[in-house]
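Listed below are the residues making up each chain.
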Amino acid sequence: MVFLLPDGRRLEVEVAEGVRVLDAARAAGIPIEGACGGALACATCHVMLPEAWYARFPPPSPEEEEMLELAPELSPTSRLGCQLRLEAGLEGVTIQVPASSLLA
Ligand code: FES
């Protein structure tokens, strides 16, 4: 999969099936905040998907949608990185990490 960073860098990483996007980013050294560790109690793991990829993930739960409303830089293809798992068939997905999700 590929991470697009706010500074324009494009980071290509190998990720095992079933890993959450939040964990994949951290393993790649990207300091996504993810303050609640995936408990759906923050929006600091906010990421964006290209439109074509957005529909390929299971849709967000009502709880995720509620939390997303708190995310700065919200877009129509925003998701929470702790709620996205990289299942089979999602190889090559590109995930954009907004500056507001990175630890300072
Ligand atoms: S880490 Fe808090 S909602 Fe994802």
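What this report covers is the structure whose coordinates are included nearby. (Residues numbered from 1 in each chain as written. Predicted model: local features only at pLDDT ≥ 70, side-chain atom pairs only at ≥ 80, totals over all residues. Heavy atoms only, no water.)

## Re the nonpolar core
Core analysis: the biggest nonpolar cluster contains 27 residues, and M1, F3, I32, V93 and I95 have the highest contact counts within it. When residues in this core are grouped by element, the largest group, four residues, is from helix α1 (residues 21-27). Not counting residues up to four positions away in its chain, the partners in contact with V93 are M1, V2, L49, W53, F57 and L86. (Core = buried A, V, L, I, M, F, W, Y, C linked by side-chain atoms within 4.5 Å. Buried < 20%, exposed > 50% of the residue type's maximum accessible area, 1.4 Å probe, protein only. Helix = DSSP H or I, 4+ residues; strand = E, 2+ residues; numbered from the N terminus. Contact = heavy atoms within 4.5 Å.)

## Re the environment of L4
Assignment of secondary structure puts L4 in strand β1 (residues 2-4). Taking relative accessible area as the criterion, L4 reaches 29% and is therefore assigned partly exposed. Along the backbone, L4 and T94 are 90 residues apart, and their C-alpha atoms lie at a distance of 7.1 Å. Ignoring any residue separated from it by four or fewer positions in sequence, one finds L4 in contact with R9, R10, T94, I95, Q96 and V97.

## Observations regarding the side chain of T77
Of note, T77 is situated in the loop between α3 (62-68) and β4 (78-80). With relative accessibility at 12%, the residue T77 sits in the buried group. Among the polar contacts made by the side chain of T77, one reaches the main-chain carbonyl oxygen of L49 at a distance of 2.6 Å. When residues no more than four places from it in sequence are discounted, the contact partners of T77 are V47, M48, L49, E51 and Y54. (Polar contact = N/O pair within 3.5 Å; in protein donor to acceptor, adjacent residues only side chain to side chain.)

## Here's the deal with the environment of E12
Note that E12 resides in strand β2 (residues 10-12). In this structure the side chain of E12 is engaged in a polar contact, spanning 3.4 Å, whose partner is the side chain of R10.

## A short note on a negative patch on the surface
A contiguous patch of negative charge on the surface is contributed by E63, E65, E66 and E69. The residue E66 is located in helix α3 in this model. (Patch = residues over 30% accessible without salt bridge, like charges linked within 9 Å, V, L, I, M, F, W, Y side chains within 5 Å. Areas by Shrake-Rupley, 256 points an atom, 1.4 Å probe, with all protein chains shown as cover. Salt bridge = Lys/Arg side-chain N within 4 Å of Asp/Glu carboxyl O. Lys, Arg positive; Asp, Glu negative; His and termini not counted. Charge placed at Lys NZ, Arg CZ, Asp CG, Glu CD.)

## Quick notes on the layout of surface pockets
Of the voids in this model, the largest pocket is the one considered here, and its volume is about 190 Å³. Every residue lining the largest pocket is counted, 13 residues in all, and those nearest its centre are M1, V15, L90, E91 and G92. Partitioned by chemical class, the residues of the lining of the largest pocket number eight nonpolar, one polar and four charged. (1 Å grid on protein atoms, 1.4 Å probe; cavity = no way out; pocket = protein on both sides within 12 Å on 5 of 7 lines; lining within 4 Å. Points joined across faces, edges and corners; volume = space filled by probe spheres on them. Nonpolar A, V, L, I, M, F, W, Y, C, P; charged D, E, K, R; others polar.)

## A closer look at the pattern of salt bridges
Inspection of the entire model under this criterion finds four salt bridges. For the salt bridge of R79 with E64, the shortest nitrogen-to-oxygen distance reads 2.8 Å. Of this pair, R79 sits in strand β4 while E64 sits in helix α3, and the two are 15 residues apart along the sequence. Taking relative accessible area as the criterion, R79 reaches 2% and is therefore assigned buried.

## A short note on the side chain of S101
You can see S101 is positioned in the segment after β5 (94-96). The class for S101 is buried, based on a relative accessible area of 1%. A polar atom in the side chain of S101 sits 2.7 Å from the backbone oxygen of H46. Not counting chain neighbours up to four residues away, the residues in contact with S101 comprise P31, I32, E33, T44, C45 and H46.

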